[in-house]
Amino acid sequence: MGARKGIQEECQPVSRRAILKASAAMFAAGILPPASAVFAKALERTQDQILGPFYPIMSEPDRSGDLTRVSGGSGRAKGQSIIVRGRVCNPDGKPVSGAEVEIWQANAAGRYAHPDDTNPAPLDPNFQGFGAVTTGPDGFYQFKTIKPLHYPAGSIGIRPAHIHFDVRGRRDVLVTQMYFEGDPYNEKDSFLQSVLNPDALIVKLLPPTAEEPEFMVAVFDIVFRG
Ligand SMILES: [Fe+2]
């Protein structure tokens, strides 16, 4: 397999050795508690978001890893094709294997394939909208999908483009949403702005790789207890 754009070999943003070295010096100077206390805060759990009303309970998720095609369909789903990838880690920065990563989302017109979605925007017969993969030993996950559009949500207003995640491990379940940098509705969204650090749920779309020239790339690492 070729290089995975944007993916680090390890989950932790700061190496264990670097933390040890820095914290030992600062502990000696009386600035910091012992390194063990610093490690405990090395990776913050990914912030929770609501499940939302359009979880597709009536269907089974696609397991091909590619939501942009439907068996027997007439082509690729409408919209900007993207690859969403990342690592699932525990707070110690260790990859979580065997985690079930589900995503569901609106299509490129802002419509969910859900009977309760009253948005008159059209469905896309070539878009799955609901997928699941299981992480391997490296905690890696990846989906091919499309960038969703923002959509009207009644009295809440317009929801910015986002992809829902449900991540299940052996002792933790994380439900969250991933947003896109530059969306004009991000700053007004009450759900996104309800978390302590909204920027941590916002991804920047990176240019395509040579291997997948049609797919822009979004890297979204997930931290939960595993
Ligand atoms: Fe949604």
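The structure displayed is predicted, hence computed values, not measured ones. (Residues numbered from 1 in each chain as written. Predicted model: local features only at pLDDT ≥ 70, side-chain atom pairs only at ≥ 80, totals over all residues. Heavy atoms only, no water.)

Once that is clear, we can look at the pattern of salt bridges. Evaluated as defined, the whole model comprises 10 salt bridges. The partner of Asp66 in a salt bridge is Arg76, and the shortest N-O contact between them spans 3.9 Å. Here Asp66, found in the loop between α2 (35–39) and β1 (81–89), pairs with Arg76, found in the loop between α2 and β1; they are 10 residues apart in sequence, far enough to count as distant. Judged by its relative accessible area of 16%, Asp66 is buried. The closest approach of N and O atoms between Asp172 and Arg225, which form a salt bridge, is 3.6 Å. Highlighted residues: Asp172 in the loop between β7 (162–168) and β8 (173–180) and Arg225 in the segment after β11 (222–223), separated in sequence by 53 residues. According to the relative accessible area criterion, Arg225 is partly exposed, its value standing at 44%. Taken together, the salt bridges that share partners define one network made up of Arg45, Asp48, Asp172 and Arg225. (Salt bridge = Lys/Arg side-chain N within 4 Å of Asp/Glu carboxyl O. Helix = DSSP H or I, 4+ residues; strand = E, 2+ residues; numbered from the N terminus. Buried < 20%, exposed > 50% of the residue type's maximum accessible area, 1.4 Å probe, protein only.)

Ranked by size, the top nonpolar core spans 30 residues in total, and within it Val88, Tyr141, Phe165, Val167 and Met178 carry the most contacts. Of all elements in the fold, only β1, β2 (100–105), β4 (140–146), β7 and β8 reach the threshold of two or more residues within this core. In terms of residues, this core owes the most to one element, β8, which gives 4 residues. Those residues in contact with Met178, other than ones at most four positions away along the chain, are Val84, Ala161, His162, Ile163, Phe165, Leu201, Val203, Ala218 and Phe220. Judged by nonpolar contacts, the second largest core, of 7 residues, contains Phe54, Tyr55, Tyr112 and Tyr151. (Core = buried A, V, L, I, M, F, W, Y, C linked by side-chain atoms within 4.5 Å. Contact = heavy atoms within 4.5 Å.)

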